[in-house]
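Breakdown of the fold
Take a look at the letters that make up each chain.
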Amino acid sequence: MAHIVTCVYCKQRFDRDKFPFIQVSARRYAHQECSLTEEQKKSKEEQDKEALEQYIMQLFKIDYIDARVRKQIKQFREEYNYTYSGIRKALVYFFEVKGNSIEKANGGIGIVPYVYQNAYNYYLALWQAQ
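Residues numbered from 1 in each chain as written. Predicted model: local features only at pLDDT ≥ 70, side-chain atom pairs only at ≥ 80, totals over all residues. Heavy atoms only, no water.

1. Some words on the overall build of the protein chain
- Across its full length, the protein chain holds four helices and four strands.
- Its helices and strands in sequence order give the protein chain the pattern β-β-β-β-α-α-α-α, from N to C terminus.
- In summary, the protein chain has a C-alpha radius of gyration of 20 Å against a globular reference of 14 Å for 130 residues, an excess of more than 25%.
- Its C-alpha atoms give the protein chain principal-axis dimensions of about 70 × 40 × 20 Å.
- Counting only residues that meet the buried cut, the protein chain has 32% of its 130 residues in that class.
- At a minimum sequence separation of 6, the contacts of the protein chain that also span at least 24 residues come to 46%.
- For the protein chain, the accessible surface area stands at approximately 9,400 Å², while carbon and sulfur atoms represent 49% of it.
- A distance of 4 Å separates the average location of the 20 positive side-chain charges in the protein chain from that of its 16 negative side-chain charges. (Helix = DSSP H or I, 4+ residues; strand = E, 2+ residues; numbered from the N terminus. Rg over C-alpha atoms; globule rule 2.2 N^0.38 Å. Buried < 20%, exposed > 50% of the residue type's maximum accessible area, 1.4 Å probe, protein only. Contact = heavy atoms within 4.5 Å. Areas by Shrake-Rupley, 256 points an atom, 1.4 Å probe, with all protein chains shown as cover. Lys, Arg positive; Asp, Glu negative; His and termini not counted. Charge placed at Lys NZ, Arg CZ, Asp CG, Glu CD.)

2. Some thoughts on the packing of helix H1 (residues 32–60) against helix H3 (residues 84–97)
- Put simply, H1 and H3 touch, their axes get as near as 8 Å, and they point 25° apart. Considering the angle they form, H1 stands roughly parallel to H3. By crossing handedness, the relation of H1 to H3 is classed as left-handed. Listed contacts from H3 to Glu45, Asp48, Lys49, Ala51, Leu52, Tyr55, Ile56 and Leu59 of H1 are Tyr84, Ser85, Ile87, Arg88, Leu91, Val92, Phe95 and Glu96.
- Residue classes in the contact of H1 with H3 are distributed as 10 nonpolar, one polar and five charged. (Axes fitted to C-alpha atoms, helices over the stretch in contact; angles between N-to-C directions. Parallel < 35°, antiparallel > 145°, perpendicular 65-115°, else oblique. Left-handed = near helix turned anticlockwise from the far one by under 90°. Nonpolar A, V, L, I, M, F, W, Y, C, P; charged D, E, K, R; others polar.)

These figures capture arrangement, not role.
Right, here's the structure in full:
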């Protein structure tokens, strides 16, 4: 008897008796390869998030990320589809490369949508120059 299941990551159907699989939850399965790929992707994203938070704390000389900044990060991710590393690079570009005042930020990162594309172009030009 075949046990046909659907991979939660790639959405392909497979027989769990014939292919290596991971049980994600009680009734959900994934290909072993898809699961490993997803883990690697997630860990990279978590590293980027940690780097962003560390940068913000260092930038504003604070010990934790307050709710307002967390909400801004969440908003940028959902509305604009920005990455954590992209947000960090936009902040580095605005404050360090362009030399803008940190005091005018009032402890927030609301400038990101306004400088994200310029920062992207800047880092792309640097990459192409190498």
